[in-house]
Amino acid sequence: NGDFTSAVSRNTLSSIDFDVTGCVMFTAPDLIVEAPSTDDPAVTPGQGFTLSATVRNQGGRACDVSTLTWYRSDDNAVISTFDTEIGTDAVGLLLAGETSPESLATSIPSEGTYWLGACIDPIHGESLPNNQCSTGVKVVVGQSCGAVTVADLTVASMTTFQACGELTGGPALEVTTPLGAAFYGGETVRFVDGFSVAAGAEMTAGVCGQNLCAAGAETLAASCHPCVQSVCAVDPVCCTDPWDAECVELVQSACELVCP
């Protein structure tokens, strides 16, 4: 009708047909990116993983070749071309309704929580040129939280060391800070020959008696480990009922620790 025509440019109208019911039928190509995923949602810094997504031509005509660009967002799941570019893939010609699975092997060097996705370059004559980007898939990059050894180190400032399983201090580990060093293990904390605490230095240690990366029958106190405190802040049931699979899953998202 006239209202619709006045709201749409002449260029856009050239790629639109109307069926007998008056519904709009897009006969130009329309590329979108959908179903972003990762084969490992929790990794350590520098650890490789694979991103995957599907490019779909949801328009009514074949499209030209294009380029898929992968992006990393540091703050939310909204992916755009303003995010950090991490790679590209060439996408061949797609007929109407066809899809092209794409993937990228990558890694992230720094700890933190990130969202990764992709945007497909718009092509000439595309019916909807503003729907090129996928949502982001969440990837947590953190320190390994299985068995952890702290060795060959002088702790001269306030520092917290964590393990979801066993934490071992030493050899060649010296605590010199008067501000306090803290050692927390899910199962145990042990110190071996070569560990020392200088005069005037302070340290604390905490143990939960339960590997935080495994479900168990124990109910854990929030004070036994900083990660347990973070998990129970998200889901208080984890500190009133036995530590279950949902609590284990929160180790990665709430604590940014990576279970082996």
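Our structure is the block above this text.
Here goes a summary of the coordinates provided. (Residues numbered from 1 in each chain as written. Predicted model: local features only at pLDDT ≥ 70, side-chain atom pairs only at ≥ 80, totals over all residues. Heavy atoms only, no water.)

### A word on the side chain of aspartate 89
- With respect to the element layout, aspartate 89 can be found in strand E7 (residues 84-91).
- At 3.0 Å, the side chain of aspartate 89 forms a polar contact with the side chain of tryptophan 70.
- Apart from the residues within four sequence positions on either side, aspartate 89 is in contact with Ser66, Thr67, Leu68, Trp70, Glu102 and Ser103. (Helix = DSSP H or I, 4+ residues; strand = E, 2+ residues; numbered from the N terminus. Polar contact = N/O pair within 3.5 Å; in protein donor to acceptor, adjacent residues only side chain to side chain. Contact = heavy atoms within 4.5 Å.)

### Focus: the pattern of salt bridges
- Scanning the model with the defined rule gives 3 salt bridges in all.
- Ionic pairing is found between arginine 56 and glutamate 34, a salt bridge with its closest N-O pair at 2.6 Å. Of this pair, arginine 56 sits in strand E5 (residues 49-57) while glutamate 34 sits in strand E3 (residues 31-38); the two residues are 22 residues apart in sequence, bridging distant segments of the chain.
- Its relative accessible area of 25% is what places glutamate 34 among the partly exposed residues.
- Measuring nitrogen to oxygen at the nearest pair gives 3.5 Å for the salt bridge that ties arginine 72 to aspartate 74.
- The exposure class of arginine 72 is buried, given its relative accessible area of 18%. (Salt bridge = Lys/Arg side-chain N within 4 Å of Asp/Glu carboxyl O. Buried < 20%, exposed > 50% of the residue type's maximum accessible area, 1.4 Å probe, protein only.)

### Topic: helix H4 (residues 245-255)
- Taken together, the buried positions of H4 are occupied by Cys247, Val248, Leu250, Val251 and Cys255. For H4, the angular spread of the buried residues around the axis is 155 degrees, confining them to a single face. Of the exposed residues in H4, those oriented more than 90 degrees away from the buried face are Ala245, Glu246 and Glu249.
- Contacts made by the buried residues of H4 are with helix H3 (226-234) and strand E21 (257-258).
- Its side-chain oxygen placed 3.2 Å from the backbone nitrogen of glutamate 246, aspartate 244 serves as the N-cap of H4.
- Directly after H4, the chain includes glutamate 256, whose backbone phi takes a positive value near 55 degrees. (Arc of directions from axis to C-beta.)

### So, the packing of aromatic side chains
- Here the structure, examined in full by the defined rule, presents 4 aromatic pairs.
- Plain terms: the ring middles of phenylalanine 161 and phenylalanine 183 are 5.1 Å apart, the flat faces sit at 20 degrees to each other, and that makes the pair stacked. Of this pair, phenylalanine 161 sits in strand E14 (residues 159-163) while phenylalanine 183 sits in strand E17 (residues 181-185), and the two are 22 residues apart along the sequence. The pair formed by phenylalanine 161 and phenylalanine 183 is uniform in burial state, with each residue classed as buried.
- The exposure class assigned to phenylalanine 183 is buried, which follows from its relative accessible area of 1%.
- Grouping aromatic residues by their ring pairs yields a cluster made of Phe161, Phe183, Phe191 and Phe195. (Phe/Tyr/Trp six-rings, centres within 6.5 Å; stacked < 30°, edge-to-face > 60°.)

### Topic: the sheet that holds E5
- Spatially, the 3 strands line up as an open sheet ordered E3-E5-E8, and their pairing is antiparallel. The strands lining the two open edges of the sheet, one partner per strand, are E3 and strand E8 (99-106). Ignoring strand direction, the axes of neighbouring strands in this sheet form an average angle of 25 degrees.
- Looking at chain direction, E5 and E8 are connected through 8 bridges and run antiparallel. Note that in E8 the partner of serine 52 across the bridge is serine 103. (Pairing = 2+ DSSP bridges. Axes fitted to C-alpha atoms, helices over the stretch in contact; angles between N-to-C directions.)

### Some points on the state of the cysteines
- Under the criterion given, the structure shown has 7 disulfides.
- There is a disulfide in this structure between cysteine 213 and cysteine 259, and the S-S distance comes to 2.2 Å. The sign of the S-S torsion, about -85 degrees, decides the handedness of the disulfide formed by cysteine 213 and cysteine 259: left-handed. Note that cysteine 213 is positioned in the loop between strand E20 (203-207) and H3 and cysteine 259 in the segment after E21, a separation of 46 residues in sequence.
- Two residues share a disulfide in this structure: cysteine 238 and cysteine 247, whose sulfurs sit 2.1 Å from each other. Across the S-S bond linking cysteine 238 and cysteine 247, the dihedral sits near -100 degrees, which makes this disulfide left-handed.
- Accessibility expressed as a relative area gives 1% for cysteine 247, which makes it buried. (Disulfide = S-S within 2.5 Å.)

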